[in-house]
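Below are the chains, spelled out letter by letter.
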Amino acid sequence: MNDDVRDIVLGLLASGISAAAGWFVRAFVWRRQLRRKQAFFGLPGGTECLLVVNQDPTASGHGVSRYDTFALLELSALIKECGAQADIVVHDGARQGFGVRTEFCVGGPASNQRTQAHLRSMLPGVEVNMDHGNARDGGAFTIGGETYRLDKGTAEYVLLARLAGPDGGRPVFLASGQRAITNQAAIRYLTRHHTELARRHGLNGTFCLLLKVIHSDVYGPDMVESATDVTTAATTRTGQGPGR
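Here is what the cut-offs are and how they apply
- Residues numbered from 1 in each chain as written.
- Predicted model: local features only at pLDDT ≥ 70, side-chain atom pairs only at ≥ 80, totals over all residues.
- Heavy atoms only, no water.
- pLDDT = per-residue confidence, 0-100.
- Helix = DSSP H or I, 4+ residues; strand = E, 2+ residues; numbered from the N terminus.
- Polar contact = N/O pair within 3.5 Å; in protein donor to acceptor, adjacent residues only side chain to side chain.
- Patch = residues over 30% accessible without salt bridge, like charges linked within 9 Å, V, L, I, M, F, W, Y side chains within 5 Å.
- Areas by Shrake-Rupley, 256 points an atom, 1.4 Å probe, with all protein chains shown as cover.
- Salt bridge = Lys/Arg side-chain N within 4 Å of Asp/Glu carboxyl O.
- Lys, Arg positive; Asp, Glu negative; His and termini not counted.
- Charge placed at Lys NZ, Arg CZ, Asp CG, Glu CD.
- Buried < 20%, exposed > 50% of the residue type's maximum accessible area, 1.4 Å probe, protein only.
- Expected span 1.5 Å × (residues − 1).
- Arc of directions from axis to C-beta.
- Bend = angle between axes of the 7 residues up to and from the residue.
- Axes fitted to C-alpha atoms, helices over the stretch in contact; angles between N-to-C directions.
- Parallel < 35°, antiparallel > 145°, perpendicular 65-115°, else oblique.
- Left-handed = near helix turned anticlockwise from the far one by under 90°.
- Contact = heavy atoms within 4.5 Å.
- Nonpolar A, V, L, I, M, F, W, Y, C, P; charged D, E, K, R; others polar.
- Pairing = 2+ DSSP bridges.

Attention shifts here to the confidence of the model for the chain. Considering every residue of the chain, the mean pLDDT works out to 84; 81% of them sit at 70 or more. Looking at the elements of the chain, mean pLDDT is at its lowest for helix 1 (residues 3–41), recorded as 67, and at its highest for strand 9 (residues 207–214), recorded as 96.

In structure tokens:
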């Protein structure tokens, strides 16, 4: 074997080893990221989770708003990535406690009875004004003495929470917004920033964030201001509960 042939063979071997090492590293990183995602969402491969669907208050009979449907589709893609399956139930048809299966609950307490129950039991420091005939305060959140009012299409708020039951188990993810488009904004924020959220709050941490959605009539669910962490205030019981 002359020097030229030897150099070609050695070059091919080096390229093959480099390609194999690169593939191994990428596969290792991908698997590690997947495991962390599955741990954060409580969705090991082959498990089942609960998707709780709210009721569009403007629809006759059972109906889901367009933006809530988009939120559910984004969650479905996430669940599939984790290798899990979704059991979809209507908000007033879910009859189980929390912790058994991971739960994604979409919609505010006015359109989702299960959200209302979760707020009362796990986020007692959140008050939601459900008098939507009240032009000034209808839909407003009050948390820690601060009131966050709805300015339709300009500035709207949504709670995004990861809640763990008292005995651990699978988490509940809650997207409770002042409008359907804010629910979608919260789910999109969750799917895009889950790595950062896991780093900040831990893979098994409880948190409650208040997101502000800006100019949704123009920008849709994409323009979300930095989240305000209201975990302490939201989990501290006050004299009143949500919706009172």
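Below, the discussion takes up the environment of T147. Position of T147 relative to the elements: it lies in strand 6 (residues 146–148). Sequence separation between T147 and D137 is ten residues; the distance between their C-alpha atoms is 8.9 Å. Separated by 3.2 Å, the side chains of T147 and T142 make a polar contact.

Bringing a positive patch on the surface into the picture now. On the surface, R31, R32, R35, R36 and R199 cluster together into a patch of positive charge. For the positive patch, the element with the highest residue contribution is helix 1, accounting for four residues. Considering the arrangement of structural elements, one finds R31 in helix 1. Using a relative accessible area of 35% as the deciding quantity, one classes R31 as partly exposed.

Here helix 2 (residues 66–81) contains 16 residues, and its C-alpha end-to-end distance of 23 Å stays within 8% of the 22 Å for a straight helix at 1.5 Å per residue. Taken together, the buried positions of helix 2 are occupied by D68, A71, L72, E74, L75, L78 and I79. The buried side chains of helix 2 occupy one side of the element, clustering within an arc of 160° when seen end-on. Turned more than 90 degrees from where helix 2 packs its buried face, R66, L73 and K80 sit exposed. Where helix 2 terminates, the next one or two residues include G83, which has phi positive at roughly 80°.

A turn of α-helix holds 3.6 residues, and therefore any two residues three or four places apart point the same way. Relative to the 32 Å expected for 22 residues at 1.5 Å per residue, helix 4 (residues 180–201) spans just 26 Å between its end C-alpha atoms, considerably shorter than the ideal helical length. Largest kink in helix 4: about 75°, centred on H193. Remark: G202 follows helix 4 within two positions and exhibits a positive phi of approximately 90°.

Okay, the packing of helix 2 against helix 4 next. At their nearest, the axes of helix 2 and helix 4 sit 7 Å apart, and the two run at 15° to each other. By the angle between their directions, the pair helix 2 and helix 4 is classed as roughly parallel. Judged by the sense of rotation from one axis to the other, the crossing of helix 2 with helix 4 is left-handed. Taking contact as the criterion, the partners of Y67, D68, F70, A71, E74, L75 and L78 in helix 2 are, on helix 4, A180, I181, N183, Q184, I187, R188 and T191. Partitioning the contact of helix 2 with helix 4 into residue classes produces eight nonpolar, three polar and three charged.

The next thing to look at is the environment of T231. Mapped onto the fold, T231 is located in helix 6 (residues 231–234). Here T231 falls in the buried class, since its relative accessible area comes to 15%. Taking the C-alpha atoms as reference points, T231 and R162, 69 residues apart in sequence, are found 9.9 Å from one another. In contact with T231, other than residues within four places in its own chain, are T206, F207 and C208. One polar contact links the side chain of T231 to the main-chain amide nitrogen of C208, over a distance of 2.9 Å.

Strand pairing in a sheet takes place through backbone hydrogen bonds and is either antiparallel or parallel in direction. The sheet built from three strands is open, its strands ordered 4-5-6 with antiparallel pairing. The sheet is open, and its two edges are formed by strand 4 (126–128) and strand 6, each paired on a single side. Taken over all neighbouring pairs, the strand axes of this sheet differ in orientation by 20° on average, direction set aside. Sheet analysis places strand 4 next to strand 5 (residues 141–143), joined by three bridges and oriented antiparallel. Within strand 5, the residue paired with V128 across the bridge is F141.

For the rest of this paragraph, the subject is unusual backbone geometry. The residue H215 is not glycine, and still its phi comes out positive at about 45°. According to the relative accessible area criterion, H215 is partly exposed, its value standing at 35%.

Attention now goes to the pairing of strand 9. Taken residue by residue, a regular strand's side chains alternate between the two faces of the sheet. The element strand 9 is largely enclosed, with a buried count of seven among its eight residues. Strand direction decides the pairing type here: strand 9 and strand 10 (residues 228–229), joined by two bridges, are antiparallel. Residue pairing for strand 10: L209 is matched across the bridge by D229.

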